[in-house]
Amino acid sequence: MLCITSSYGRSYFSRNTVQSLIQCSRTSMLRANFATSTNISPEKYKKAIQYCGELVRKHDYENYLCSLFAPTQARSAFWAIRAFNVELAQIRDAVSDVRIGKMKMMFWRDTIEQTFAGKPPQQPVALALAHSLQSCDLSSMWFKRVISEREKNLDDPQFMTMTDMETYSENTASALLYLQLEALGIKDVHADHAATHIGKANGISTFLRGIPFHASQRRMMLPAEITAKYGISEEEVFRNGQVEHLGDAIFEVATAAHDHLLTARSFLPNLPPSAYPALMNAIPCDVFLKKLEKTDFQIFNPKLAIREWKLPFIIWKRNRNMEF
């Protein structure tokens, strides 16, 4: 098994209390305006939510499974949040020109502004978010942070250090978890700390999973400090896949992800039970890391690309025991 020490010494990325209070106040005021500022039928909202659920099921299956254990009222918000992320994630592979990608990011920035102003555009994700804002105190700053971070990485700059990769994961995956906590009405420092580390673990694991695909596109996602440390040639990886010492590099990066999971688990005893549904995507992350370990960290092993058929049962079982 992975032998890792805890990372309590690392800085936490907790929600800013003042900004959250201000945003909550704004959101509460906006709720009263939704009925008059939008002329959207319940049927249209329903279709928008269904669209988001299907989009997440198709492109983010693991988070879709986790969302099924959320309370009914929060589930539609989870789908809207995750569908928003799917839409942003698809931009990079849908455009060949970074400028077009930036225009699409600007569209989503404007969409968030309009949606929080009570005037969502006629776009399914925006409508689903607008519906969620009628019952949830979601903060626009987390949506904007995800947009800004993904926009900075449209041209695939290689991370220089593990810290850079963790920062990216913090500003994307962790921000989405903060939104899910808000959808549940959770304001708890232990939940925030757990979300920070789970987000980092998920972000790092996502980059690891994507290495074979990115290599086929001649993109290197491992931090430069890691490839330099193990003398890994990017060109050799692009041409041959699994090269000498790549397994050692993958092990080190996977260890960092597992370290964050261990730290997140340390907060479990103090978590309010109602926060657990927002943090369940730690489970698929843990399952992947264990599967990677079984392949001896051979990231190009075809077995890693096969969906874990037992995952629904694993999530159900750990949910019963409230475990990550």
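To be clear, the structure that these remarks concern was listed above.
Source: prediction; values computed, not measured.

Conventions and cut-offs
- Residues numbered from 1 in each chain as written.
- Predicted model: local features only at pLDDT ≥ 70, side-chain atom pairs only at ≥ 80, totals over all residues.
- Heavy atoms only, no water.
- Salt bridge = Lys/Arg side-chain N within 4 Å of Asp/Glu carboxyl O.
- Helix = DSSP H or I, 4+ residues; strand = E, 2+ residues; numbered from the N terminus.
- Expected span 1.5 Å × (residues − 1).
- Contact = heavy atoms within 4.5 Å.
- Axes fitted to C-alpha atoms, helices over the stretch in contact; angles between N-to-C directions.
- Left-handed = near helix turned anticlockwise from the far one by under 90°.
- Nonpolar A, V, L, I, M, F, W, Y, C, P; charged D, E, K, R; others polar.
- Phe/Tyr/Trp six-rings, centres within 6.5 Å; stacked < 30°, edge-to-face > 60°.
- Buried < 20%, exposed > 50% of the residue type's maximum accessible area, 1.4 Å probe, protein only.
- Lys NZ or Arg CZ within 6 Å of the ring centre and 35° of its normal.

A word on the pattern of salt bridges. Across all of its chains, the model carries 14 salt bridges by this definition. Linking Arg-209 and Glu-62 is a salt bridge whose minimum nitrogen-to-oxygen distance equals 2.9 Å. Of this pair, Arg-209 sits in helix H9 (residues 189-209) while Glu-62 is found in helix H3 (residues 61-67), placing the two residues 147 residues apart along the sequence. Ionic pairing is found between Asp-93 and Arg-219, a salt bridge with its closest N-O pair at 3.5 Å.

This part takes up the environment of Lys-187. Summarising the element assignment, Lys-187 is placed in the loop between helix H8 (162-183) and H9. As for Lys-187 and Pro-272, which are separated by 85 residues in sequence, their C-alpha atoms are 9.7 Å apart.

In a regular helix each residue adds 1.5 Å, so 18 residues correspond to 26 Å; helix H2 (residues 42-59) covers 26 Å between its end C-alpha atoms and thus fits that length. Check the buried side of H2 and you find it contacts H3, helix H4 (72-94) and helix H6 (124-133).

At a minimum axis separation of 11 Å, helix H13 (residues 246-265) and helix H14 (residues 282-294) run at an interaxial angle of 145°. Viewed along their axes, H13 and H14 form a crossing whose handedness is left-handed. Contacts from Ile-250, Ala-254, Ala-257, His-258, Leu-261 and Arg-265 in H13 reach Ala-282, Cys-285, Asp-286, Leu-289 and Leu-292 in H14. Here the residues of the contact of H13 with H14 sort into eight nonpolar, one polar and two charged.

Right, let's talk about the packing of aromatic side chains for a bit. All chains considered together, the criterion is met by twelve aromatic pairs. Summarising the aromatic geometry, the rings of Phe-159 and Phe-207 are spaced 5.1 Å apart at their centres and angled 80° between planes, so their arrangement reads as edge-to-face. Here Phe-159, found in the loop between helix H7 (140-152) and H8, pairs with Phe-207, found in helix H9; they are 48 residues apart in sequence, far enough to count as distant. Both residues of the pair, Phe-159 and Phe-207, belong to the buried class. An aromatic cluster is defined as three or more aromatic residues linked by ring pairs; in this entry it consists of Phe-84, Phe-107, Trp-108, Phe-116 and Phe-143. Sitting above the plane of the Tyr-61 ring, Arg-307 keeps its charged end 3.9 Å from the centroid.

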